[in-house]
Amino acid sequence: MLRRAVFLDRDGVVNVWPGPESFVLKWELFSFMPDVSAQLLRLRKAGLFLALITNQSCVGRGLMSLEELQKIHARMQAELGAAALDGIYYCPHAPDAGCSCRKPSPEMILRACEEHGLSAQESFMVGDSGRDIEMGRAAGCHTILCRENLPVLEKMKPPHRPEYMARTLADAVDWIVKRL
């Protein structure tokens, strides 16, 4: 039997989004969103596999090395402790690189499912952008848009419309846990 998972975007869901054309290039610029560890532990206690799914074009743009990105993720995992993620998937390519893994492609989710025996259709994608929602939908996941300032659903393009809109990760986790 395939397991359920929660796929989480990094910047804007797990950590504070630095803003357009800004990047977390070193650990000192990384700041967790409020209550992240507690919410990840809730998901873990519900028996869910937890995976980070993130575009990190700063590598492809030459702003940081792959090793530096991996150091940030290792430090993030260490800081999360018992709430650490089960998998980390990232696209390091620049937006114009023409790769197949960059969001909104579902490739990172599908690879995680294959590697860990996960069911995309029984899993959840939590992101803060239309690109995250489009990727989750393309993979067959339930989708949750998680951001403080929610757009008007009716104005969103159909591929970017989530099943649920949450202001915080805690709201998203509440919705996920009720659906299990």
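Here's a quick rundown of the structure.

Quick notes on the rules
Residues numbered from 1 in each chain as written. Predicted model: local features only at pLDDT ≥ 70, side-chain atom pairs only at ≥ 80, totals over all residues. Heavy atoms only, no water. Helix = DSSP H or I, 4+ residues; strand = E, 2+ residues; numbered from the N terminus. Buried < 20%, exposed > 50% of the residue type's maximum accessible area, 1.4 Å probe, protein only. Contact = heavy atoms within 4.5 Å. Areas by Shrake-Rupley, 256 points an atom, 1.4 Å probe, with all protein chains shown as cover. Lys, Arg positive; Asp, Glu negative; His and termini not counted. Charge placed at Lys NZ, Arg CZ, Asp CG, Glu CD. Disulfide = S-S within 2.5 Å. Phe/Tyr/Trp six-rings, centres within 6.5 Å; stacked < 30°, edge-to-face > 60°. Salt bridge = Lys/Arg side-chain N within 4 Å of Asp/Glu carboxyl O.

What about the overall build of the protein?
And step 1. In terms of regular secondary structure, the protein is built from 6 helices and 6 strands.
And step 2. Counted from the first residue to the last, the protein has its helices and strands arranged as β-α-β-α-α-β-α-β-α-β-β-α.
And step 3. For the C-alpha atoms alone, the extent of the protein along its principal axes is close to 40 × 40 × 35 Å.
And step 4. Each of the 180 residues in the protein was classed as buried or not, and the buried ones make up 48%.
And step 5. In the protein, of all internal contacts separated by at least 6 residues, the share reaching a separation of at least 24 is 61%.
And step 6. Per element, the accessible surface of the protein, about 8800 Å² overall, is 51% carbon and sulfur.
And step 7. Of the charged side chains in the protein, 22 are positive and 22 negative; the average position of the first set lies 3 Å away from that of the second.

Describing the environment of Ser 65
And step 1. Within the secondary structure layout, Ser 65 lies in the loop between helix H2 (57–60) and helix H3 (66–80).
And step 2. Among the residues examined, Ser 65 registers a relative accessible area of 25% and is labelled partly exposed.
And step 3. Each C-alpha atom, one on Ser 65 and one on Pro 92, is 9.4 Å from the other, the two residues being 27 residues apart in sequence.

Quick word on the state of the cysteines
And step 1. On inspection of all chains with the given rule, the structure shows 0 disulfides.
And step 2. Free cysteine: Cys 58, not disulfide-bonded; nearest cysteine sulfur from Cys 91 at 11 Å.
And step 3. A relative accessible area of 0% places Cys 58 in the buried class.
And step 4. Free cysteine Cys 99: the closest other cysteine sulfur is in Cys 91, separated by 3.6 Å.
And step 5. Since its relative accessible area comes to 25%, Cys 99 is described here as partly exposed.

Overview of the packing of aromatic side chains
And step 1. Under the defined criterion, the tally for this structure stands at 5 aromatic pairs.
And step 2. For the ring pair Trp 27 and Phe 30, a centre distance of 4.7 Å and an interplane angle of 15 degrees mean the geometry is stacked.
And step 3. The buried category is assigned to Phe 30, whose relative accessible area is 8%.
And step 4. Here Trp 27 and Phe 32 contribute two aromatic rings whose centre-to-centre distance is 6.3 Å and whose plane-to-plane angle is 70 degrees, an arrangement assigned as edge-to-face.
And step 5. Trp 27 sits in the buried class, given a relative accessible area of 17%.
And step 6. Feature note: the residues Trp 27, Phe 30 and Phe 32 constitute an aromatic cluster, connected by ring pairs.

Side note on the environment of Ala 82
And step 1. Mapped onto the secondary structure, Ala 82 falls in the loop between H3 and strand S3 (87–91).
And step 2. Setting aside residues no more than four positions away along its own chain, Ala 82 makes contact with Leu 41 and Arg 44.

Observations regarding the pattern of salt bridges
And step 1. Under the defined criterion, the tally for this structure stands at 7 salt bridges.
And step 2. Asp 86 serves as the salt-bridge partner of Arg 44, at 3.2 Å between the closest nitrogen and oxygen. Placement of Arg 44 in helix H1 (residues 36–45) and of Asp 86 in the loop between H3 and S3 is noted, with a sequence separation of 42 residues between them.
And step 3. In this structure, Lys 103 engages Asp 132 in a salt bridge whose closest nitrogen and oxygen atoms are separated by 2.7 Å.

Let's talk about the environment of Phe 124
And step 1. Looking at the secondary structure, you find Phe 124 in strand S4 (residues 124–127).
And step 2. You can call Phe 124 buried: its relative accessible area is 1%.
And step 3. For the pair Phe 124 and Ser 100, spaced 24 residues apart in sequence, the C-alpha to C-alpha distance is 21 Å.
And step 4. If we skip the residues at most four places from it in the chain, Phe 124 touches Ala 5, Val 6, Phe 7, Cys 141, His 142, Ile 144, Trp 175, Ile 176, Arg 179 and Leu 180.

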